[in-house]
Amino acid sequence: MIIAANFKANHTRESTAAYLEALNLFLDACPTSCDVRVYPSASSFLRADLYSHVKLGAQNFYPVINGAYTGETSSQHLDEFGIKNVLIGHSERRVILNETQDITAKKYAFAKERGWEIIYCIGEPKYIRDNGFEAVMEYLWSEFEGIDIDYEKFSVAYEPIWAIGTGVSAKIQDIAEVLDALKKRFATAPLLYGGSVKVENLSSILSIRSCSGVLIGNAALDAANFCKLIQTAQNVQK
Ligand code: PGA
């Protein structure tokens, strides 16, 4: 099971270091079978090999080794920290930062070429959800345009846009329906859910047959709460 924390534009380098220290100590004392990942902001990257029980990842990068791309984070920047895990296609990048499917697919191809582990995010806006399941799936499939779904190091995170950061998670039945449909096409890729995951709803989300993990924002910002989430996940029998 993958339990991933997306810090977004939260935490400083100092607080990220304290968080990871606490998390790693917790995992040392309470071993878990979960694949625990943390995605800090680029200005808070720390050496990935400092934390034996946690995989450090990047929330974003620009698909170049280096060069004249003002303000961007290149693969050299990730390599310096030994980071081999990335998020691609998060709705906040697609919607707020106007990233197209074309640039999203370029990032995916670049990450794949480097053998990085990818959590590929997809999710529909509210007006699509209001049109029902068929409309949702049509929207979600369009977010796979140009994506090599046979890549063995990719997971999919289904994150309905209207459920992200709102405190209102999607209904279990709706998550299950989408993940089951994805499962038919991606037999081996782990399927995650994201969108207002918290201690109170984690067990029922992870109990969904096709769900192999979660991507968590708000509820993972506090290290002690993230540890609680990992412990809760550990107790879910699959
Ligand atoms: P949230 O964010 O848990 O705060 O809803 C999830 C995400 O955007 O990955």
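This text follows the structure it describes.
The shown structure was predicted, so the numbers you read here are calculated from the model rather than taken from an experiment.

Thoughts on the site of the ligand
The immediate surroundings of the ligand are formed by 13 residues, with Lys-8, His-90, Glu-159, Gly-165 and Ser-196 found nearest. At a separation of 2.7 Å, an oxygen atom of the ligand approaches a polar side-chain atom of Glu-159. Within the backbone of Gly-217, one N or O atom sits 2.8 Å away from an oxygen atom of the ligand. Here the shell around the ligand is composed, by residue class, of four nonpolar, seven polar and two charged.

Structural notes on the sheet that holds strand β6 (residues 154-158)
Taken together, eight strands build an open sheet; the order of strands is β3-β2-β1-β8-β7-β6-β5-β4 and the sheet is parallel. Here the strands that pair on one side only, and so sit at the sheet edges, are β3 (55-56) and β4 (85-88). Bridge count between strand β2 (residues 35-39) and β3: two bridges; the pairing is parallel. Note that in β3 the partner of Arg-37 across the bridge is Lys-55. Helix-sheet contacts for helix α4 (residues 101-113) involve β4, β5 (117-122) and β6, and the interaxial angle to β5 is about 160°.

Considerations on the side chain of His-90
Relative to the assigned elements, His-90 resides in the loop between β4 and α3 (91-96). Here the side chain of His-90 touches Glu-159 through a polar contact of 3.3 Å, side chain to side chain. Once you skip the residues sitting within four places of it in the chain, His-90 turns out to touch Asn-6, Lys-8, Cys-121, Glu-159 and Ile-164.

Thresholds, definitions, all that
Residues numbered from 1 in each chain as written. Predicted model: local features only at pLDDT ≥ 70, side-chain atom pairs only at ≥ 80, totals over all residues. Heavy atoms only, no water. Near = heavy atom within 4 Å. Polar contact = N/O pair within 3.5 Å; in protein donor to acceptor, adjacent residues only side chain to side chain. Nonpolar A, V, L, I, M, F, W, Y, C, P; charged D, E, K, R; others polar. Pairing = 2+ DSSP bridges. Helix = DSSP H or I, 4+ residues; strand = E, 2+ residues; numbered from the N terminus. Contact = heavy atoms within 4.5 Å. Axes fitted to C-alpha atoms, helices over the stretch in contact; angles between N-to-C directions.

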